[in-house]
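Here is what each chain is made of, one letter per residue.
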Amino acid sequence: MEQLRKIPKVDRVLESEEVKGLLAEYPRTVVLRAARLVLEQLRKGVLAGEASEDAFSAGAIGSEIGAEIARLIAPSLRKVVNGTGVVVHTNLGRSILPERARQALNEVAFSYSNLEFDLEKNRRGSRYDHVERLICELTGAEAALVVNNNAAAVLLALGSAAAGREAIVSRGELVEIGGSFRIPDVMRLSGVTLTEVGTTNRTHAKDYRAAVTTETALFLKVHTSNFAVVGFTAEVGIEEMVRLGKETGVPVMADMGSGSLIDLRKHLPCDEPNVQEFVQAGVDIITFSGDKLLGGPQAGIIVGKKAFIEPMKKHPLLRAVRIDKLTLASLEATLGLYRDERVALKEVPTLAMLTAPLEEVTRRAKGIVRQLRRALPASVHLSLIHGESQGGGGTLPLLNLPTLLIEVAVDGLSPNELEAALRTSEIPVIGRIWKGSYVLDPRTLLEEDVAYLAAALGATARAGSRE
Ligand SMILES: *Cc1c(COP(=O)(O)O)cnc(C)c1O
């Protein structure tokens, strides 16, 4: 009770010298909110019997309020260090943009632009024109359209090409991509009736053929991006499906998911087809993501035959799913790198990280450990162990790449405690627990991250040694 009485009233706290300084710097509402939170914390501490005597001084309360204000006004969305080795990490923002996109973003974000203005003809232009020619040049397609993301691309494409009619899909491809994107739901939403054919593990051309009616508007092929059916399986390949489409007069649409613009099979042990092949095969409508294997910003790209893309440009849904100018600028910059595959492999971070050979990862791992050892106290232990990195969310589910992991241990902390401490650092570091150890995978660490790692590990070790 006596301690509870020592907790000052909010009004008195606001009059203290320490808090007056804060009031001069921050809005009153923020200071007040922080003060209330700090006093509430103090009250809880007293009730739990954990409040120390010096916690009641004006100085201590003032500095707690200062710290609380910093937490309150800190941006919620911020940079983290990805030490997971998962290159396309859905929870950590999927792909990071190539350096080339920085300049494009700078130019368009802080200046007016010709977003919807045709400079040559001095009349209204279309935002979609900026990247269409480049996408067609890269993929060999007749026409292209970009929207907000691939889910929107599928919704628009289905709604435009098959609303009120049927689309035939293999039961093995009725996928859920996570975050509630389920193919059957998207089809319903776009007004398309789903006709399922085949079984989970095997679907044949004859299944598709037998399901065709006068109401059939599309054969839809969906990339099983985040799982694989192995064993006794059969699916109709894209070329066979196009043949079947020609034979039955049914157009073919493919949701490729990741949508690589280079032949990844030359660089990785995977089976990922590229967009050009699907275009070449004669698929009428192809959709894919901008921020998965393409390594650009969040976007949905639709390519295919003019006869199908042109109506999408006039569809009312397009306005609701349109791409914004920052995305467009960074997408154009990213796509430009693909004019030369060698440049794309080097400068698109997603591709560079995925295709980094073990020797390079090893060199980086050793370099990082050397730098960290120099910067950190002896209570931080670093060693290198062989392991695997994963491709990531919604891409290459079976891909495991050999890597050299940096195992980190700090005296006095369990791997789980270390994980939590680094995750809640000023610049959060996200690693993983692997075989009972805390590990960081250099595959997804950027050069600048070493300094953040050193800061987070240093602070964690100092806090650990004080306890
Ligand atoms: C990832 C994925 C989507 C959704 O794409 P977003 O760009 O995340 O909207 C749709 N279909 C498939 C097959 C996917 O892999």
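Preceding block: the structure.
Everything numeric in this text was worked out from a predicted model, so none of it was measured.

(A) Quick peek at the overall build of the protein. Looking only at helices and strands, the protein features 20 helices and 15 strands. Seen through its C-alpha atoms, the protein measures out along the principal axes to roughly 85 × 50 × 45 Å. Across the protein, the fraction of contacts at a sequence separation of at least 24, relative to all contacts at a separation of at least 6, is 74%. Put simply, the protein shows about 23,500 Å² of open surface, and 51% of that area lies on carbon and sulfur atoms. In the protein, which carries 56 positive and 58 negative side-chain charges, the distance between the mean positions of the two groups comes to 1 Å.

(B) Geometry of the sheet that holds strand β10 (residues 300-304). Pairing within the open sheet is mixed, and its seven strands lie in the order β4-β10-β9-β8-β7-β5-β6. Edge strands, defined here as strands with exactly one partner in the open sheet, are β4 (143-147) and β6 (193-197). Taken pair by pair, the neighbouring strands of this sheet meet at an average axis angle of 20°, ignoring direction. In this structure, strand β8 (residues 252-257) lies alongside strand β9 (residues 285-289), joined through four bridges in parallel fashion.

(C) Local environment of the pairing of β10. Counting buried positions over the five residues of β10 gives five, a clear majority of the element. Of the two faces of β10, the one holding G300, I302 and G304 and the one holding I301 and V303 are both buried throughout. Examined bridge by bridge, β4 and β10 share five bridges and lie antiparallel to one another. Following the sheet pairing, L145 is matched in β10 by I302. Pairing between β9 and β10: five bridges, direction antiparallel. Paired with I285 across the bridge in β10 is G304.

(D) Quick look at the sheet that holds strand β12 (residues 400-410). Spatially, four strands are ordered β11-β12-β15-β14 in an open sheet, and the strand pairing comes out antiparallel. Each having just a single partner strand, β11 (380-390) and β14 (432-434) make up the two edges of the open sheet. Within this sheet the neighbouring strands show an average axis-to-axis angle of 45°, counted without direction. Sheet topology note: the β12/strand β15 (residues 437-440) ladder contains three bridges and is antiparallel.

(E) Quick peek at the layout of surface pockets. Space inside the largest pocket adds up to approximately 1,500 Å³. In terms of lining, the largest pocket is formed by 43 residues, of which the most central are I96, L97, P349, M353 and L446. Of all the elements in the fold, those that place two or more residues in the lining of the largest pocket are β1 (81-82), α6 (100-109), α16 (341-347), α17 (349-355), α18 (358-375) and α20 (449-466). Considered class by class, the residues forming the lining of the largest pocket number 21 nonpolar, nine polar and 13 charged.

The rules we used
Residues numbered from 1 in each chain as written. Predicted model: local features only at pLDDT ≥ 70, side-chain atom pairs only at ≥ 80, totals over all residues. Heavy atoms only, no water. Helix = DSSP H or I, 4+ residues; strand = E, 2+ residues; numbered from the N terminus. Contact = heavy atoms within 4.5 Å. Areas by Shrake-Rupley, 256 points an atom, 1.4 Å probe, with all protein chains shown as cover. Lys, Arg positive; Asp, Glu negative; His and termini not counted. Charge placed at Lys NZ, Arg CZ, Asp CG, Glu CD. Pairing = 2+ DSSP bridges. Axes fitted to C-alpha atoms, helices over the stretch in contact; angles between N-to-C directions. Buried < 20%, exposed > 50% of the residue type's maximum accessible area, 1.4 Å probe, protein only. 1 Å grid on protein atoms, 1.4 Å probe; cavity = no way out; pocket = protein on both sides within 12 Å on 5 of 7 lines; lining within 4 Å. Points joined across faces, edges and corners; volume = space filled by probe spheres on them. Nonpolar A, V, L, I, M, F, W, Y, C, P; charged D, E, K, R; others polar.

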